[in-house]
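# Architecture and fold: a report
The primary structure of each chain is shown beneath.
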Amino acid sequence: MKTRALTADVQIPFVGFGTYLITDADAAPAVSAAIGAGYRHIDTAEWYRNEVGVGAGIRQALAAEGLTRGDLFVTTKLWPGNSAWGQTPKTTESTIAALNDSLARLELDFVDLYLIHAPFDPDQRLAQWRGLVELQQQGKTRTIGVSNFSIKHIEALKAAGLPVPAANQIELHPWSQKPTLVQYLNDQGITPIAYSSLVPLSTWRASPGQESAKTAHMRAEGERADAPFKVMAEKYGVGEAQVLLRWALQKGFPVLPKSLQVERMRTNIDLFGFAIDADDMAAIEAMDRGDGVAWSVGDPTKAQ
Ligand SMILES: NC(=O)c1ccc[n+]([C@@H]2O[C@H](COP(=O)([O-])OP(=O)(O)OC[C@H]3O[C@@H](n4cnc5c(N)ncnc54)[C@H](OP(=O)(O)O)[C@@H]3O)[C@@H](O)[C@H]2O)c1
């Protein structure tokens, strides 16, 4: 599996397995199947309520595949608490407790990357980041980063004299390319990790109850026979999902495709046998529409 340097010592595999909207019960077989299909990078979060299943899937697969913990890259995320949703924002102390709880559910001694899930609370954001810095010093996580942070949110960490995050996990796909933020991240040596890469597909979160801000009109666009990613998929002899994921890789972004279907798991990791040409990369660049749609409440990089 190809990797990108996250820090001087830690490499992140370009393709990870996403687990949002996978139940705790489904997580063990799904994660185990994903590792069996070749994934070496798993993305979960306290908020997904599936860390027990993810950890069980990891243990099953390590035994079945003859792998060791060091062969895998595991990410989980701090749920920072959002006072606007009636939640108590986490402090430095409760942040430290939260990773210890996540590790207990995962039955792991450490994760490879720990992220603040979103920049919800302006008053506790620095305190939470201090918690991540301490957790890294304790060896509970090899690297630390953020998710859904804007330039302003990251600049506030720097202004407080705190370390710069190793990564910012954000919604990135042809309809939400965030060029200014991506340029800033690359300039700062912060790896942009792409989530919800498959948003333009008609099959993206198509099951009932999988809320997002994607409209029925957007969904219908993906169903058209002349949908641009259908046309490109035919040209390259691959699936539409592979075109979307390959676009991210060519931009340098690690990706986190989620699927419960083993055949899709296999094709979503099969991205290194073709390349999108310069004309198609330019055509995709012109498809940017601004904000993302993965969060039903709006793009969280816009948080104050
Ligand atoms: N940090 C954050 O705030 C944040 C937010 C969102 C996501 N994430 C992370 O990023 C991961 C990926 O994002 P995501 O789950 O939003 O979406 P995604 O991986 O872009 O797309 C998943 C959706 O596409 C379908 N799909 C997957 N492979 C396909 C294929 N080859 N052909 C057609 N349809 C396919 C899946 O259905 P089936 O399962 O039925 O195949 C599912 O509905 C998450 O699981 C999570 O780990 C992070």
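Keep in mind the model is a prediction, meaning the values are calculated, not measured. (Residues numbered from 1 in each chain as written. Predicted model: local features only at pLDDT ≥ 70, side-chain atom pairs only at ≥ 80, totals over all residues. Heavy atoms only, no water.)

## Quick look at the site of the ligand
Around the ligand, a shell composed of 28 residues is seen, among which Asp43, Ser196, Arg205, Ser259 and Arg264 lie nearest. In the model, an oxygen atom of the ligand is placed 2.9 Å from a nitrogen or oxygen of the Asn148 side chain. Residue Thr203 places a side-chain N or O atom 2.8 Å away from a nitrogen atom belonging to the ligand. In isolation the ligand exposes 900 Å². Once the protein is present, 92% of that is buried. The pocket occupied by the ligand, as judged from atoms lying within 2 Å of grid points, is the largest pocket. When its residues are assigned to classes, the shell around the ligand shows 11 nonpolar, 12 polar and five charged. (Near = heavy atom within 4 Å. Polar contact = N/O pair within 3.5 Å; in protein donor to acceptor, adjacent residues only side chain to side chain. Areas by Shrake-Rupley, 256 points an atom, 1.4 Å probe, with all protein chains shown as cover. 1 Å grid on protein atoms, 1.4 Å probe; cavity = no way out; pocket = protein on both sides within 12 Å on 5 of 7 lines; lining within 4 Å. Sits in = over half its atoms within 2 Å of the grid points. Nonpolar A, V, L, I, M, F, W, Y, C, P; charged D, E, K, R; others polar.)

## Concerning the pairing of strand S8 (residues 167-171)
Counting buried positions over the five residues of S8 gives five, a clear majority of the element. Burial along S8 is two-sided: Ala167, Gln169 and Glu171 and Asn168 and Ile170, pointing in opposite directions, are all buried. Pairing geometry for strand S7 (residues 141-147) and S8, over two bridges, is parallel. Opposite Ser147, over in S8, you have Gln169 as the bridge partner. The β-α-β motif built from S7, the intervening helix H5 (residues 151-159) and the parallel element S8 has right-handed crossover chirality. (Buried < 20%, exposed > 50% of the residue type's maximum accessible area, 1.4 Å probe, protein only. Helix = DSSP H or I, 4+ residues; strand = E, 2+ residues; numbered from the N terminus. Pairing = 2+ DSSP bridges. Right-handed = clockwise from strand over helix to strand, strands pointing away.)

## Observations concerning helix H2 (residues 51-65)
Between its first and last C-alpha, H2 extends 21 Å over 15 residues, near the 21 Å set by a 1.5 Å rise per residue. Turning to H2, its buried residues are Glu51, Gly53, Val54, Gly55, Ala56, Gly57, Ile58, Ala61 and Leu62. Elements that come into contact with the buried residues of H2 comprise helix H1 (24-36), strand S4 (41-43), strand S5 (73-78) and helix H3 (92-106). Positive backbone phi, at 65°, marks Gly66, one or two positions downstream of H2. (Expected span 1.5 Å × (residues − 1). Contact = heavy atoms within 4.5 Å.)

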